[in-house]
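Residues per chain, in single letters:
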Amino acid sequence: MSVLDIVLWPDAGLSTQCVPVDAITPELEQLIADMFDTMYAAQGRGLAAPQVGRTERIFVFDANWKSGVPSPVVCVNPEILSLSEQRVEGEEACLSIPGVPMKIYRASEVTLRWADTRGMYTESFSGAEAVIVQHENDHLDGIVIYDRQAQGGVQ
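Each value, and the rule that gives it
- Residues numbered from 1 in each chain as written.
- Predicted model: local features only at pLDDT ≥ 70, side-chain atom pairs only at ≥ 80, totals over all residues.
- Heavy atoms only, no water.
- 1 Å grid on protein atoms, 1.4 Å probe; cavity = no way out; pocket = protein on both sides within 12 Å on 5 of 7 lines; lining within 4 Å.
- Points joined across faces, edges and corners; volume = space filled by probe spheres on them.
- Helix = DSSP H or I, 4+ residues; strand = E, 2+ residues; numbered from the N terminus.
- Nonpolar A, V, L, I, M, F, W, Y, C, P; charged D, E, K, R; others polar.
- Buried < 20%, exposed > 50% of the residue type's maximum accessible area, 1.4 Å probe, protein only.
- Pairing = 2+ DSSP bridges.
- Axes fitted to C-alpha atoms, helices over the stretch in contact; angles between N-to-C directions.
- Contact = heavy atoms within 4.5 Å.

A.B. asks: Account for the layout of surface pockets, naming residues and giving values.
C.D. replies: By volume, the largest pocket is sized at about 440 Å³. Forming the boundary of the largest pocket are 22 residues, of which Arg-45, Glu-92, Ala-93, Cys-94 and His-135 lie nearest the centre. Of all the secondary structure elements, the ones that give two or more residues to the lining of the largest pocket are strand E4 (87–94), strand E5 (97–107) and helix H2 (127–140). In terms of residue class, the lining of the largest pocket is built from 10 nonpolar, seven polar and five charged. Approximately 150 Å³ is the volume attributed to the second largest pocket. As for the second largest pocket, its lining consists of Ile-32, Phe-36, Pro-72, Val-73, Val-74, Trp-114, Asp-116, Thr-117 and Arg-118. Where the lining of the second largest pocket is concerned, the elements lending two or more residues are helix H1 (26–41) and strand E3 (73–83). For the lining of the second largest pocket, the class distribution of residues is six nonpolar, one polar and two charged.

Okay, structure coming up:
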């Protein structure tokens with residue numbers, strides 16, 4: 001496993017729509033492991049494939065690792081099924097835009113369907129996990145927090 005270089009804004013790759021993953025291969029499993037290594041080394045809580053120069057629809061996150069209770073999640077081909085109407089404002093940072101936190105409004109709850117190396121899942125997330133899921137899923141659609149700010153910070 002290794003730490004990958006993080007792509008920094010305004011790299012055009014961060015504005016590119018990612019492509020679905022057709023199959024979980026050993027190369028993809030290595031990418032996932034490297035993405036976790038990279039995320040933890042950068043002190044982040046989420047990381048999407050375009051942030052390491054890849055175009056696959058993959059993101060990883062771990063909302064709790066900083067509290068000493070790791071709960072790593074791999075999302076391959078994630079699809080947001082629903083967003084709650086209630087919005088919460090929070091300060092978001094991005095590993096690809098270091099040192100520039102922004103206030104963003106996100107849905108307080110999100111329901112996500114995704115795959116990982118073991119199967120398919122559907123789950124609702126709230127709190128920090130909901131924000132992370134929306135932030136990382138944005139990356140897969142070529143959206144960064146600057147884009148959310150241009151929309152008044154609203155998802």
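A.B. asks: Quick rundown of unusual backbone geometry? Include the residues and the values.
C.D. replies: Trans peptide bonds make up the majority, and among non-glycine residues the majority have a negative phi. With an omega dihedral of 15°, the bond running from Trp-9 to Pro-10 counts as a cis peptide bond. Relative to the assigned elements, Pro-10 resides in the segment before H1. Within the chain, Gln-43 stands out as a residue other than glycine whose phi angle is a positive 65°. Along the chain, the position of Gln-43 falls in the loop between H1 and strand E1 (46–48). What makes Gln-43 partly exposed here is its relative accessible area of 48%. One non-glycine residue, Asn-77, adopts positive backbone phi at about 50°. Considering the arrangement of structural elements, one finds Asn-77 in strand E3. Since its relative accessible area comes to 29%, Asn-77 is described here as partly exposed.

A.B. asks: Hey, could you go over the sheet that holds E3 for me, with residue numbers and the actual values?
C.D. replies: Spatially, five strands are ordered E1-E2-E3-E6-E7 in an open sheet, and the strand pairing comes out antiparallel. This sheet does not close on itself; its edge strands, each paired only once, are E1 and strand E7 (120–126). Geometrically, the sheet is characterised by an average inter-axis angle of 40° between neighbouring strands, direction not taken into account. Both strand E2 (residues 58–61) and E3 contribute to a ladder of four bridges, which runs antiparallel. Note on E3: the bridge partner recorded for Phe-59 is Cys-75. Along the sheet, H1 makes contact with E1, E2 and E3, crossing E2 at roughly 40°. Packed on one face of the sheet, H2 meets E1, E2, E3, strand E6 (109–115) and E7 and runs near 155° to E2.

A.B. asks: Which residues make up the environment of Ile-24, and what values go with them?
C.D. replies: Summarising the element assignment, Ile-24 is placed in the segment before H1. With sequence-adjacent residues up to four places away left out, Ile-24 is seen in contact with Glu-29, Val-76, Asp-116 and Thr-117.

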